[in-house]
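Coordinate inspection notes
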Amino acid sequence: MPISRIAVGTPGEASHPEALRAALAEFVSMLIFVFAGQGSGMAYSKLTNDGSGTPAGLISASLAHAFALFVAVSIGANISGGHVNPAVTFGALVGGHITLLRGILYWIAQLLGSVAACFLLKYSTGGMETAAFSLSSGVTSWNAVVFEIVMTFGLVYTVYATAIDPKKGNLGTIAPIAIGFIVGANILVGGAFDGASMNPAVSFGPAVVSWTWTHHWVYWLGPFIGAALAAFVYDTIFISENTHEQLPTTDY
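Bear in mind that the values here come from a model prediction, so they are computed numbers and not experimental data.

Glancing now at the overall build of the chain. Within the chain, the regular secondary structure consists of eight helices and zero strands. The C-alpha radius of gyration computed for the chain amounts to 17 Å, which stays within 12% of the reference 18 Å derived for 252 residues, consistent with globular compactness. Expressed as a percentage of the 252 residues in the chain, the buried residues total 50%. Counting only carbon and sulfur atoms, one obtains 71% of the accessible surface of the chain, whose full area is about 11100 Å². Across the chain, the centroid of the 7 positively charged side chains sits 5 Å from that of the 12 negatively charged ones.

Let's shift gears to empty space enclosed by the protein. Counted by the stated rule, this structure contains one cavity of 30 Å³ or more. In this structure, the largest cavity spans a volume of roughly 30 Å³. Residue lining of the largest cavity: Ala-132, Phe-133, Ser-203, Ala-207, Thr-212, Thr-214, His-216 and Tyr-219, and that is the complete set. Residues of the lining of the largest cavity, tallied by class, amount to four nonpolar, four polar and no charged.

This part takes up the layout of surface pockets. Its volume calculated, the largest pocket comes out at about 1100 Å³. Along the walls of the largest pocket sit 49 residues, with Gly-41, Ala-61, Ala-131, Gly-191 and Gly-195 positioned nearest its centre. Elements represented by at least two residues in the lining of the largest pocket include exactly helix H1 (17–47), helix H2 (55–77), helix H5 (141–164) and helix H6 (175–194). With nine residues, the single largest contributor to the lining of the largest pocket is H1. A class-by-class count of the residues in the lining of the largest pocket yields 25 nonpolar, 21 polar and three charged.

Let us now look at the packing of aromatic side chains. This structure, assessed with the given rule, holds 14 aromatic pairs. When the centroid spacing of 6.3 Å and the interplanar angle of 90 degrees are considered together, the rings of Tyr-157 and Phe-238 count as edge-to-face. Linking Tyr-157 in helix H5 with Phe-238 in the segment after helix H8 (218–237), this pair joins segments that are 81 residues apart in sequence. Judged by relative accessible area, which is 26%, Tyr-157 ranks as partly exposed. Relative accessible area serves as the criterion here: at 37%, Phe-238 is assigned to the partly exposed category. For the ring pair Phe-204 and Trp-213, a centre distance of 6.0 Å and an interplane angle of 55 degrees mean the geometry is tilted. Classification of Trp-213 by relative accessible area gives partly exposed; the value is 33%. In textbook terms, an aromatic cluster arises when at least three aromatic residues are bridged by ring pairs, as seen for Phe-90, Trp-107, Phe-204, Trp-211, Trp-213, Trp-220 and Phe-224.

Our focus in this paragraph is the pattern of salt bridges. In total, this model carries one salt bridge according to the counting rule given. Here Asp-165 makes a salt bridge to Lys-167, at a shortest N to O gap of 3.1 Å. Judged by relative accessible area, Lys-167 falls into the partly exposed class, the value being 49%.

To continue, consider the UniProt feature "transmembrane region" (unreviewed entry) in the chain. Look at the UniProt record and you will see "transmembrane region" (unreviewed entry) annotated at residues 20–38, 58–79, 100–122, 142–162, 174–197 and 217–237. In residues 100–122, helix accounts for 100% and strand for 0%; the two terminal C-alpha atoms are 33 Å from one another. Taken end to end, residues 174–197 is 83% helix and 0% strand, and its first and last C-alpha atoms sit 22 Å apart.

Backbone geometry follows two general trends: most residues other than glycine have a negative phi, and most peptide bonds adopt the trans configuration. Phi is positive for Ala-196, close to 55 degrees, though the residue is something other than glycine. Turning to its location among the elements, Ala-196 is positioned in the loop between H6 and helix H7 (200–210). According to the relative accessible area criterion, Ala-196 is buried, its value standing at 4%.

Quick look at the environment of Glu-26 now. On the secondary structure map, Glu-26 appears in helix H1. Taking C-alpha positions, Glu-26 is 8.7 Å from Ala-72, a pair spaced 46 residues apart along the chain. When near neighbours in sequence (up to four residues on either side) are disregarded, Glu-26 contacts Ser-80, Gly-82, His-83, Val-84, Asn-85, Tyr-106, Ala-109 and Gln-110. Side-chain polar atoms of Glu-26 contact the backbone nitrogen of His-83, separated by 3.0 Å.

Turning to the side chain of Thr-152, a few remarks are in order. Relative to the helices and strands, Thr-152 is located in helix H5. Here Thr-152 falls in the buried class, since its relative accessible area comes to 0%. At 2.7 Å, the side chain of Thr-152 forms a polar contact with the backbone oxygen of Glu-148. For Thr-152, the residues in contact, after removing those within four places along its chain, are Ala-87, Met-198, Pro-223, Gly-226 and Ala-227.

Cut-offs used in this document
- Residues numbered from 1 in each chain as written.
- Predicted model: local features only at pLDDT ≥ 70, side-chain atom pairs only at ≥ 80, totals over all residues.
- Heavy atoms only, no water.
- Helix = DSSP H or I, 4+ residues; strand = E, 2+ residues; numbered from the N terminus.
- Rg over C-alpha atoms; globule rule 2.2 N^0.38 Å.
- Buried < 20%, exposed > 50% of the residue type's maximum accessible area, 1.4 Å probe, protein only.
- Areas by Shrake-Rupley, 256 points an atom, 1.4 Å probe, with all protein chains shown as cover.
- Lys, Arg positive; Asp, Glu negative; His and termini not counted.
- Charge placed at Lys NZ, Arg CZ, Asp CG, Glu CD.
- 1 Å grid on protein atoms, 1.4 Å probe; cavity = no way out; pocket = protein on both sides within 12 Å on 5 of 7 lines; lining within 4 Å.
- Points joined across faces, edges and corners; volume = space filled by probe spheres on them.
- Nonpolar A, V, L, I, M, F, W, Y, C, P; charged D, E, K, R; others polar.
- Phe/Tyr/Trp six-rings, centres within 6.5 Å; stacked < 30°, edge-to-face > 60°.
- Salt bridge = Lys/Arg side-chain N within 4 Å of Asp/Glu carboxyl O.
- UniProt positions renumbered as here; feature names shortened; annotations may be inferred.
- Contact = heavy atoms within 4.5 Å.
- Polar contact = N/O pair within 3.5 Å; in protein donor to acceptor, adjacent residues only side chain to side chain.

Written out as structure tokens, the structure reads:
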């Protein structure tokens, strides 16, 4: 069972230079991802004079997030594994592919990277609002939780299949683009309903800068449940006991 593989880690791990470098890589990757993703939405609002959402805006958001995540995962892959998402880190933790202490370092770095990106966006755009994630009319909190569970399940399942599975072979080379694609596709599905976060850090930065916390819990609960389910399913069914191994610290 994946839950039995969760490791706390050694006390010195939190201050080990390698772990700190990995956390810094997560901070930089998240900053780049959120700056591009959140910034694309702000640019669209600027061009349309804060007009209502349109299909063109949804497509542009999907492409911006897919491209930015492809880059963010790629540049962090050799250092931290390129999680760029607390839910992905949680999924890796559930499967025993990262220790709890290193995971906490990643979470802190990811959240700080998102907040820093949103503050930079607010400053560089002359004070434009970094809008917090919100639910569309007619969408309840629990509707959104289900959306986030399903979308994050697809994301973390993709991460497991292309980046974590020891049998991945050459498939690992396309992991960043596959991860970017599934996020872009999910935004096309869920973007009009709850913003399609799939990433607690992506929701956290705008919430801090705009100080808007309505329904914020949705963007933590849904992704963490989806990530845990994906880790449990893939690790239990497709990564057998004889093929399971603790990944190097430079991997997921």
